[in-house]
Amino acid sequence: MHKISMDSLAMRDYIKNFSLDNCPHGNQGYNRVLLQLFGYAGHGKSCFINSCKYVVDDGPYKVYAKVAKTENAPETMIRKAYKLTDTITLVDNRGCVIIDKYETGEIYAQLGNFLPLDTEVKWHSKFNDMLNIVLNAETQDQSMDLIVPVFVYR
Ligand SMILES: Nc1nc2c(ncn2[C@@H]2O[C@H](COP(=O)(O)OP(=O)(O)O)[C@@H](O)[C@H]2O)c(=O)[nH]1
Ligand SMILES: [Mg+2]
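Everything numeric here is computed off the predicted structure, so don't read it as measured data. (Residues numbered from 1 in each chain as written. Chains lettered and ligands numbered in written order. Predicted model: local features only at pLDDT ≥ 70, side-chain atom pairs only at ≥ 80, totals over all residues. Heavy atoms only, no water.)

Chemist: Sorry if this is basic, but what is going on with the coordination of the magnesium ion (ligand 2) here?
Modeler: Here the magnesium ion (ligand 2) is held by the protein donor atoms Ser-46 (OG) and Thr-76 (OG1), which lie 2.0 to 2.1 Å from it. With a gap of 30 residues between them, Ser-46 in helix H2 (residues 45–57) and Thr-76 in the loop between H2 and strand S2 (78–79) connect regions that are remote in the sequence. The exposure classification of Ser-46 matches that of Thr-76, with both residues buried. (Donors = N, O, S within 2.8 Å, 3.2 Å for Na, K, Ca; no water. Helix = DSSP H or I, 4+ residues; strand = E, 2+ residues; numbered from the N terminus. Buried < 20%, exposed > 50% of the residue type's maximum accessible area, 1.4 Å probe, protein only.)

Below, the structure written as structure tokens:
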């Protein structure tokens, strides 16, 4: 029992102190890690964010990301960023429904860091609409983010 708590403390410190500058090959131009959540609606993405904040901040449990009452009433429509440490940010996502070509188009654009954070997630049926958003985002000052996809599956 004691060993488990020591290990988790060590892991929390590791996460808190994690810095891209200290990686074996340096930061390679990246200044932030985005843990980008994906998954079906109602599978616990927002809950996972609240749990991570609870563990890393080591304070009372707070609801940062609003959680769905039921799996059929999804809460999250925005790709919203929650800062975990100076280096690591968790990004909540709209939950997928059927993962058709419109939803995968959005996923690819997110993985390429082509889309701005903290904006509504829309599944575009017209390729042109998606292209315009990508072109618009390109003109904005995007920070160099290392995107790490995390698939949350219940
Ligand atoms: N039993 C259990 N329920 C969970 C867990 N994570 C989330 N839930 C429940 O699943 C529902 C959907 O959670 P939510 O985080 O809103 O899912 P999201 O749509 O992927 O963001 C809520 O009613 C949560 O209480 C878990 O780890 N275990
Ligand atoms: Mg959610």
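On we go from here.
Chemist: Looking at this structure, I do not really get the nonpolar core. What am I missing?
Modeler: The nonpolar side chains of a soluble globular protein tend to be buried, and buried together. Counting 10 residues, the largest nonpolar core consists of Leu-37, Ile-49, Cys-52, Val-56, Ala-65, Tyr-82, Leu-84, Ile-88, Leu-90 and Val-152. Ranked by residues supplied to this core, first place goes to H2 with 3 residues. (Core = buried A, V, L, I, M, F, W, Y, C linked by side-chain atoms within 4.5 Å.)

Chemist: What's the story with the packing of aromatic side chains in this structure? I'm lost.
Modeler: Geometrically, a pair of aromatic rings is defined through the distance of the ring centres and the angle of the planes. For the structure shown, the criterion picks out 4 aromatic pairs. Relative to Phe-151, the ring of Tyr-40 lies with its centre 6.4 Å away and its plane at 90°, an arrangement referred to as edge-to-face. Here Phe-151 lies in strand S6 (residues 145–151) and Tyr-40 lies in the loop between strand S1 (32–38) and H2, a separation of 111 residues in the sequence. Using a relative accessible area of 28% as the deciding quantity, one classes Tyr-40 as partly exposed. Centre to centre, the rings of Phe-151 and Tyr-153 are 6.4 Å apart; their planes meet at 20°, and the pair counts as stacked. The exposure class assigned to Phe-151 is partly exposed, which follows from its relative accessible area of 48%. (Phe/Tyr/Trp six-rings, centres within 6.5 Å; stacked < 30°, edge-to-face > 60°.)

Chemist: Any chance you could explain the pattern of salt bridges here in plain terms?
Modeler: When the charged atoms of two side chains lie near each other, side chains of opposite charge can form a pair. If you walk through the whole model with that rule in mind, you get 5 salt bridges. In this structure, the salt-bridge partner of Arg-32 is Asp-145, at a minimum N-O distance of 2.8 Å. Residue Arg-32 is found in strand S1, and its partner Asp-145 is found in strand S6; the two are separated by 113 residues along the sequence. Judged by relative accessible area, which is 24%, Arg-32 ranks as partly exposed. (Salt bridge = Lys/Arg side-chain N within 4 Å of Asp/Glu carboxyl O.)

Chemist: Any chance you could explain unusual backbone geometry here in plain terms?
Modeler: Trans is the prevailing form of peptide bonds, just as negative phi is the prevailing case for residues other than glycine. One non-glycine residue, Asp-58, lies in positive phi territory at about 55°. Inspection of the secondary structure assignment puts Asp-58 in the loop between H2 and S2. In this structure Asp-58 comes out as exposed when scored by relative accessible area, which is 51%. Residue Asn-113 is not a glycine yet carries a positive backbone phi of 60°. Turning to its location among the elements, Asn-113 is positioned in the loop between helix H3 (101–111) and strand S5 (119–120).

Chemist: What am I meant to see in the site of ligand 1 here?
Modeler: Near ligand 1 you find Tyr-40, Ala-41, Gly-42, His-43, Gly-44, Lys-45, Ser-46, Cys-47, Val-67, Ala-68 and Lys-69, and these make up its full shell. Residue Gly-44 places a main-chain N or O atom 3.0 Å away from an oxygen atom belonging to ligand 1. Residue Lys-45 places a side-chain N or O atom 2.8 Å away from an oxygen atom belonging to ligand 1. Protein contacts shield 57% of the accessible area of ligand 1, which totals 580 Å² for the unbound molecule. (Near = heavy atom within 4 Å. Polar contact = N/O pair within 3.5 Å; in protein donor to acceptor, adjacent residues only side chain to side chain. Areas by Shrake-Rupley, 256 points an atom, 1.4 Å probe, with all protein chains shown as cover.)

Everything listed here is a matter of coordinates, which is why it stays silent on function.
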